[in-house]
Amino acid sequence: MSMALDSLFNTPALQSLSLTMNEAALRHQAIASNIANVNTPGFKRLDVSSNFEQAFTNALNNVSEGQPAGEMPDATIETAAEQGPARPDGNTVQIEQEMVNMAQNSARYEFAGQMLASNFHGMKTAITGTVS
Amino acid sequence: MINPLDALSALTQQMQAPATGANAALPTVATNGVGAPNAVTENFSLLSPTATEVPQIASPTVSGGGVGGPSTWGHMVQQMVRDVNAQQQNATAMVTDVLKGGSTPVHQAMVATEEANLSFEFLTEVRNKVVEAYQQVMQMQV
Amino acid sequence: MGMIPGIDASASALNVERTRLDVIAGNLANAQNTSDANGQVYRRKMVVFESKLNDALGNATGASAGSQVQVARIMDDPTALPKVYMPGNPKADAKGMVEMPNVNPLNEMVDMMTASRSYQANLQAISTGRSMFEESLKIAE
């Protein structure tokens, strides 16, 4: 991309918001899988892979310091490192915890989406010179 | 009397210097004879298409003096047009992937679409400002 | 994955819980049935779930993108059949004891509530995913 377009769209705000949305969408899939499997014997709860989570945190740090975000690994889900107590059938999913996680995660996703929307709206106003 | 073509070549040379894009320095008419024979060969054709499928904002090609390096105003605008086109195609590809049920997240396609639209609007504004500047120059009383 | 995140997992769970509710309804209906289609005493049916790993779409490494759930099998409950003293019953044995189905209505009701709650939780997951999707549409106005 040319210099002008690059500096328009690679601001720390836009990049970190976009990364957050990626991560939150992935986490929602993990939570939905947990909720779906709440009655499956022997099921251990899933979460975003620690590989991806680490890369995400690093990318956020890089972006806030003005450096490029770096390559993100494949978006994968794996068995969570922290498992709660298992019920007699071996299932470790706590449905209340998953519902709370889901509410918090979706709030984060929607917040990032709203911030992106207003960011783009501001840019549009700046570029066209008229408030729409 | 000031030759309008000389004035235009001076304008484009001034626009090259800051290289910041749209609202470059206001055109000042210089009465120096900047290679008068060369100025005649200038073609400042803002509104005529230069290539095939790209949304067309044609660029002025300056052939005056020794200022034909890779960072001329014309090259910059052409590069921007290519970049905007690439962005639009990338956004369309992402949207198609979402529609086909592929692995692209929806918000990524939305962000790409919005960025492509904004880039295009930005380019349009650049063109508008350049045309405005040109018209201002042409309207000057000589 | 599609536009609504996690919908595959939640939809599979809705199917599975619906199956379980059907099985529970069958158990309750047959709680006193001493002669089913084969002439045997009705045995309580149980649903066994298992999870099925998703593959991320088009991902050659087979990385997991979550997991769905499916019914592994519907099996008969192997616990012993209770015997009840009913001397007048045509199926009574020499001592007048009749084997009854091993269906305990209280257990079935508890299972039904569990299935119903899970169903609701999965509906909530789909609804949340849907509102996340709608929010992402607002990025481009």
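The rules behind each value
- Residues numbered from 1 in each chain as written.
- Chains lettered and ligands numbered in written order.
- Predicted model: local features only at pLDDT ≥ 70, side-chain atom pairs only at ≥ 80, totals over all residues.
- Helix = DSSP H or I, 4+ residues; strand = E, 2+ residues; numbered from the N terminus.
- Buried ≥ 20, exposed ≤ 12 C-beta atoms within 10 Å, placed from the backbone.
- Contact = placed C-beta atoms within 7 Å.
- Nonpolar A, V, L, I, M, F, W, Y, C, P; charged D, E, K, R; others polar.
- pLDDT = per-residue confidence, 0-100.
- Core = buried A, V, L, I, M, F, W, Y, C linked by C-beta atoms within 7 Å.
- Axes fitted to C-alpha atoms, helices over the stretch in contact; angles between N-to-C directions.
- Parallel < 35°, antiparallel > 145°, perpendicular 65-115°, else oblique.
- Left-handed = near helix turned anticlockwise from the far one by under 90°.

In this section: the overall build of chain B. Within chain B, the regular secondary structure consists of four helices and zero strands. Helices and strands in chain B line up, N terminus first, as α-α-α-α. Within chain B, the fraction of its 142 residues that count as buried is 30%.

Chain A puts 30 residues into the contact, and the matching count from chain C is 33 residues. Looking at the side of chain A that touches chain C, the elements with two or more residues in it are helix H2 (12–36), strand E2 (77–79) and helix H4 (95–128) of chain A. When the residues that make up the side of chain A that touches chain C are grouped by side-chain class, the tally is 17 nonpolar, 10 polar and three charged.

When the parts come together, some accessible area is lost, and that loss is often what is quoted as the size of the interface. Contacts between the two partners involve 17 residues from chain A, matched on the other side by 14 residues from chain B. Counting only elements with at least two residues in the side of chain A that touches chain B, the list comes to helix H1 (3–9), H2 and H4 of chain A. Class assignment of the residues belonging to the side of chain A that touches chain B gives a composition of 11 nonpolar, five polar and one charged.

Let us now look at the confidence of the model for chain B. Regions with low pLDDT should not have their predicted coordinates read in detail. All names here are of chain B. The pLDDT averaged across chain B works out to 67; a share of 51% of its residues lies at or above 70. Summarising per-element confidence for chain B, the mean pLDDT is lowest in helix H2 (residues 36–39) (40) and highest in helix H4 (residues 106–138) (92). A low-confidence stretch, residues 4–9 (pLDDT under 50), is modelled with 19 contacts involving residues beyond four sequence positions or located in other chains. Per-residue pLDDT stays below 50 along residues 17–68; that stretch engages in 91 contacts with residues further than four places along the chain or on separate chains. Confidence estimates for the predicted assembly give a pTM of 0.75 and an ipTM of 0.86.

Turning next to the nonpolar core. Across soluble globular proteins, nonpolar side chains have a tendency to be buried as a group. Residues Ile35 and Leu116 of chain A together with Met80 of chain B are the most contacted members of the largest nonpolar core, which totals 59 residues. The leading source of residues in this core is H4 of chain B, at 11 residues. The contacts of Ile35 of chain A, once residues within four sequence positions are left out, are Ile95 and Glu98 of chain A together with Ser10, Ala13, Ala121, Asn122 and Ala125 of chain C.

Here we take up the packing of helix H3 (residues 73–99) of chain B against H4 of chain B. Residue and element names in this part refer to chain B. Close contact between H3 and H4 brings their axes to 8 Å; oriented N to C, the two are set at 155°. The orientation of H3 relative to H4 falls into the category roughly antiparallel. For the pair H3 and H4, the crossing hand works out as left-handed. For the pair H3 and H4, contact is made by Met80, Val81, Val84, Gln87, Gln88, Asn90, Ala91, Met94, Val95 and Val98 and by Val106, Gln108, Ala109, Ala112, Thr113, Glu115, Ala116, Ser119, Phe120 and Leu123, respectively. Looking at the contact of H3 with H4 residue by residue, the classes come out as 13 nonpolar, six polar and one charged.

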